[in-house]
Amino acid sequence: MWRIDSLGHASWLLDSGSTRILTDPVFRDVFEGGSVCHCPSRQLSGPISVDAVYLSHRHLDHFDPETLASFPKQLPIFAPPDELTIAALKQLGFTDLRIMQPFGRHVLNDVEIFPISSPSESFMECAALFRSPSGSIFNQV
């Protein structure tokens, strides 16, 4: 059975029992130059141990360079095929970038990830179906 913990806005900790995936991590309470905050406010402490990070798109309420910089650089990062997102992740030093092809199948341990594209005129956004032997989760972003 999946365990799902909300960490605020689009940040979800998905735990299949053997694989932990963090979606769209934004750990700061006030971000986007102070124009956005979590309601209610929250505090996160200590590093979160995960097997991978899933990034849906490059909006700053889903893609926070300061939060991402706190993760090990060898951590697998699943990202949409967006040039700016990929360039930013490389600049942050990540070495295991897994570029998601929409409607493709991506595997991490016992979890299958099926990104579902929601293209706009300027960038790719990907919702996802996460499937494991313990069930399925749809993250609509």
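The text that follows walks through the structure, step by step, so that each part is easy to find. Nothing here was measured: the structure is a model prediction, and the numbers come from that model.

1. Quick notes on the sheet that holds strand 3 (residues 20–23)
Part 1: The 6 strands lie next to each other as 1-2-3-6-7-8, forming an open sheet whose pairing is mixed. Two strands in the sheet have a free side with no partner beyond their single neighbour: strand 1 (3–6) and strand 8 (97–99). Sheet twist, expressed as the average angle between the axes of neighbouring strands with direction ignored, equals 20°.
Part 2: Where strand 7 (residues 77–79) lies against strand 8, 3 bridges are found, and the strand directions are parallel. By the bridge assignment for strand 8, A79 is matched with I99.
Part 3: On top of the sheet, helix 2 (residues 83–91) reaches strand 7 and strand 8; it is set at about 170° to strand 8, its chief contact.

2. Re the environment of T19
Part 1: Position of T19 among the secondary structure elements: in the loop between strand 2 (12–15) and strand 3.
Part 2: With residues up to four places along the chain from it excluded, the contact list for T19 reads L14, D51, L108, N109, D110 and V111.
Part 3: A polar contact is formed between the side chain of T19 and the side chain of D110, at a distance of 2.6 Å.

3. Notes on the sheet that holds strand 12 (residues 135–139)
Part 1: Overall, antiparallel pairing links the 4 strands, which are arranged 9-10-11-12 in an open sheet. Looking at strand neighbours, the two that pair on one side only are strand 9 (106–108) and strand 12, the edges of this open sheet. Strand-to-strand twist across the sheet, computed as the mean angle between neighbouring axes with direction ignored, equals 20°.

Parameters at a glance
- Residues numbered from 1 in each chain as written.
- Predicted model: local features only at pLDDT ≥ 70, side-chain atom pairs only at ≥ 80, totals over all residues.
- Heavy atoms only, no water.
- Pairing = 2+ DSSP bridges.
- Helix = DSSP H or I, 4+ residues; strand = E, 2+ residues; numbered from the N terminus.
- Axes fitted to C-alpha atoms, helices over the stretch in contact; angles between N-to-C directions.
- Contact = heavy atoms within 4.5 Å.
- Polar contact = N/O pair within 3.5 Å; in protein donor to acceptor, adjacent residues only side chain to side chain.

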